[in-house]
Amino acid sequence: MANLVIVGTQWGDEGKGKIVDILARDADVVARYQGGSNAGHTVVNDRGTFVFHLIPSGILYRSKLCVIGNGVVVDPEALIAEMDRLQAMGVKIGRNFLISHCAHLIMPYHKAIEKAAEQSKGSRRIGTTGRGIGPSYVDKMARIGIRAGDLLNPPVFRRKLEENLVETNNFLKQLCRTQGFQAEKVFQQYMGYADRLKGHITDTSVLLNKAIDNGKRVLFEGAQGTHLDVDFGTYPYVTSSSSCAGGACTGTGVGPTQIDRVMGVAKAYTTRVGSGPFPTELTDLVGGGLQERGKEFGSTTGRPRRCGWFDGVLVRYATRVNGLSSLVVTKLDVLDGCKELKLCTGYRHGGKLYKEMPADIQVLSECEPVYEAMPGWTGATTGVTSYKALPLQAKRYLSRIEELAACRIDMISTGTKRSETIMLRNPLGPARRASAAGRPRR
Ligand code: IMP
């Protein structure tokens, strides 16, 4: 039985929510390992459309254990609102939902600091989601963060809060000319959250490892994507967490020897929300068409997503840094009706050809994509459930993606519903420990 990490291979929004929802059926535990309520994982099923920001989407199955790992930053207000929303839609959230006592909290001052920092950057702003993610991780690394476990110890919580507010209020008042925060008010607000969340906060690393020892299957649900990773992404235009597969270990307290496979999720084209380089971006009608047909608007902020052609360099990089064993290609149906498709095979800059991502962000911002054109297909792939039934040109397009990404495709998504999926091989099938990166099969 396999323990599997699901990771985005582009800049997030690859459709991980649907894939986790499908695979969660065959898993026992679903664990989020990084990020926070900046994520927006959408699942469409017979009961409606669910958008998850913090709670693992496995919660839709009653029998699954759902875990928020220590690597996640938790905004208790956003979490409680999400719990209420889900419960109103008939989803049961009881002892099957657990939060690591080591997960750091997002405090109201984190959002205020982020707002001020983004404003001061002007045209060089990151374009964050405004959820306080970066400043919360800053406090974690500065060793002044407040953790979920502190909600269970009011005197410690109060001391940490008061200490943090001395410096934070000075910063906010003097440099940003904004109001500071009153410790007592924030304390009371968070003690209210503690009442609601205390039954869910525990040492989740112990439980996850026990589950694995007992032969249970764990699905690690990555948020954002490889190119938003704080180390491997297009720094500084990234999020502040380790969204690559390695984050699954540091973000849950499960060792790397317990992970059998890593599945990368790649959209059949590319999107990005927020600022930063995007070599294959299309600012013309073709990009507008992808945005419209793909409903490319952020599920957290509603911002329009920038759209462009599939970038093989980007996804091959993701194969390498995540050690991908296979890929799932999503939103193939959005390309239905395109007369011609382009795939990026390299970049050109200053007369030099790059086959790998340039390390220099300025080079990446200025480079020209090198394209290979392929004919599109007539007929629809929407809702197709077998590989055989795909148009020949769609099969060729997928084969080329496998070659460029240097990774085998195990699943293809052809629509928003669970059923609109082609399963070539279940990645949660019998484990092959220490498997090499998947090689193209066809
Ligand atoms: P932050 O995570 O809010 O700090 O935002 C940093 C960058 O990551 C911005 O460009 C965001 O638009 C982007 N980002 C954060 N979360 C997501 C996500 O779930 N999908 C896509 N982009 C995201």
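What you see is a predicted model, and the numbers here were worked out from it, not measured in a lab.

Draft legend 1. Local environment of the overall build of the protein. A count of helices and strands for the protein gives 12 helices and 20 strands. Rg of the C-alpha trace for the protein: 22 Å, near the compact-globule value of 22 Å for 442 residues, within the 12% margin. Each principal axis of the C-alpha distribution contributes one length, and for the protein these read about 65 × 50 × 40 Å. Relative to all contacts within the protein whose residues are 6 or more apart in sequence, the contacts with residues 24 or more apart total 77%. Total accessible area computed for the protein in this model is approximately 18200 Å², and 52% of it derives from carbon and sulfur atoms.

Draft legend 2. Spatial organisation of helix α7 (residues 204-213). Within α7, burial applies to Thr204, Leu208, Ala211 and Ile212. Buried residues in α7, looked at end-on, bunch into an arc of 100°, giving them a common side. As for α7, its buried residues are in contact with β2 (29-32), β5 (65-68), β7 (97-100), β9 (201-202) and β10 (218-221).

Draft legend 3. Representation of the site of the ligand within the structure. Surveying the vicinity of the ligand reveals 15 residues, the closest of which are Asp13, Asn38, Thr129, Thr239 and Arg303. Within the backbone of Gly127, an N or O atom sits 3.3 Å from an oxygen atom of the ligand. Contact with the protein chains removes 97% of the 470 Å² of surface that the ligand exposes when unbound. Each of domain 1 (4-76 + 206-438) and domain 2 (104-199) contributes no fewer than three residues to the shell around the ligand.

Draft legend 4. Representation of the pairing of β7 within the structure. A two-sided burial pattern is seen for β7, the buried positions comprising Phe97 and Ile99 on one face and Leu98 and Ser100 on the other. In the sheet, β5 pairs with β7 via 3 bridges, with the strands oriented parallel. The residue bridging Cys66 from the neighbouring strand is Phe97, located in β7. For β7 and β9, the ladder comprises 2 bridges, and the chain directions are parallel.

Draft legend 5. Layout of the sheet that holds β2. Strand order in the open sheet formed by 10 strands is β9-β7-β5-β2-β10-β1-β11-β15-β19-β20, and the pairing between neighbours is mixed. Taken across any chain shown, the strands that pair with only one partner, and hence form the sheet edges, are β9 and β20 (421-423). The pairing of strand β1 (residues 4-8) with strand β11 (residues 261-267) spans 5 bridges and is classified as parallel. The partner of Val5 across the bridge, within β11, is Val262.

Draft legend 6. Representation of unusual backbone geometry in the model. Pro236 follows Tyr235 through a cis peptide bond whose omega is 10°. Of note, Pro236 is situated in the loop between β10 and α8 (247-250). Despite not being glycine, Asp13 shows a phi value in the positive range, around 60°. Tracing the sequence through the fold places Asp13 in the loop between β1 and α1 (16-24). Its relative accessible area of 23% is what places Asp13 among the partly exposed residues. With a phi close to 55°, Gln224 is a non-glycine residue in the positive phi region. Position of Gln224 among the secondary structure elements: in the loop between β10 and α8.

Draft legend 7. Representation of the domain arrangement of the protein. Assigned domains of the protein: these are domain 1 (4-76 + 206-438) and domain 2 (104-199). In this structure, domain 1 and domain 2 have C-alpha centres spaced 31 Å apart. Each side of the interface is counted separately: domain 1 has 23 residues, and domain 2 has 19 residues. Interface area, domain 1 with domain 2, both sides summed: about 1700 Å², of which 56% is carbon and sulfur. Lys111 is paired through a salt bridge with Asp75; the nearest N and O atoms lie 2.7 Å apart. Connecting domain 1 to domain 2 are 9 residue pairs in polar contact (both at pLDDT 80 or more). Partitioned by chemical class, the residues of the side of domain 1 that touches domain 2 number 7 nonpolar, 14 polar and 2 charged.

Draft legend 8. Here's a closer look at the packing of helix α3 (residues 108-121) against helix α4 (residues 133-141). Between α3 and α4, the shortest axis-to-axis distance is 7 Å and the interhelical angle comes to 115°. Here α3 is positioned roughly perpendicular relative to α4, judged by the angle of their axes. Between α3 and α4 lies a crossing whose hand is right-handed. Residues Tyr109, His110, Ile113 and Glu114 of α3 form the contact with α4, whose own contacting residues are Ile133, Pro135, Ser136 and Asp139. Taken together, the residues of the contact of α3 with α4 break down into 4 nonpolar, 2 polar and 2 charged.

Analysis parameters
- Residues numbered from 1 in each chain as written.
- Predicted model: local features only at pLDDT ≥ 70, side-chain atom pairs only at ≥ 80, totals over all residues.
- Heavy atoms only, no water.
- Helix = DSSP H or I, 4+ residues; strand = E, 2+ residues; numbered from the N terminus.
- Rg over C-alpha atoms; globule rule 2.2 N^0.38 Å.
- Contact = heavy atoms within 4.5 Å.
- Areas by Shrake-Rupley, 256 points an atom, 1.4 Å probe, with all protein chains shown as cover.
- Buried < 20%, exposed > 50% of the residue type's maximum accessible area, 1.4 Å probe, protein only.
- Arc of directions from axis to C-beta.
- Near = heavy atom within 4 Å.
- Polar contact = N/O pair within 3.5 Å; in protein donor to acceptor, adjacent residues only side chain to side chain.
- Domains from an automatic or database assignment.
- Pairing = 2+ DSSP bridges.
- Buried area = accessible area lost by both parts, 1.4 Å probe.
- Salt bridge = Lys/Arg side-chain N within 4 Å of Asp/Glu carboxyl O.
- Nonpolar A, V, L, I, M, F, W, Y, C, P; charged D, E, K, R; others polar.
- Axes fitted to C-alpha atoms, helices over the stretch in contact; angles between N-to-C directions.
- Parallel < 35°, antiparallel > 145°, perpendicular 65-115°, else oblique.
- Left-handed = near helix turned anticlockwise from the far one by under 90°.

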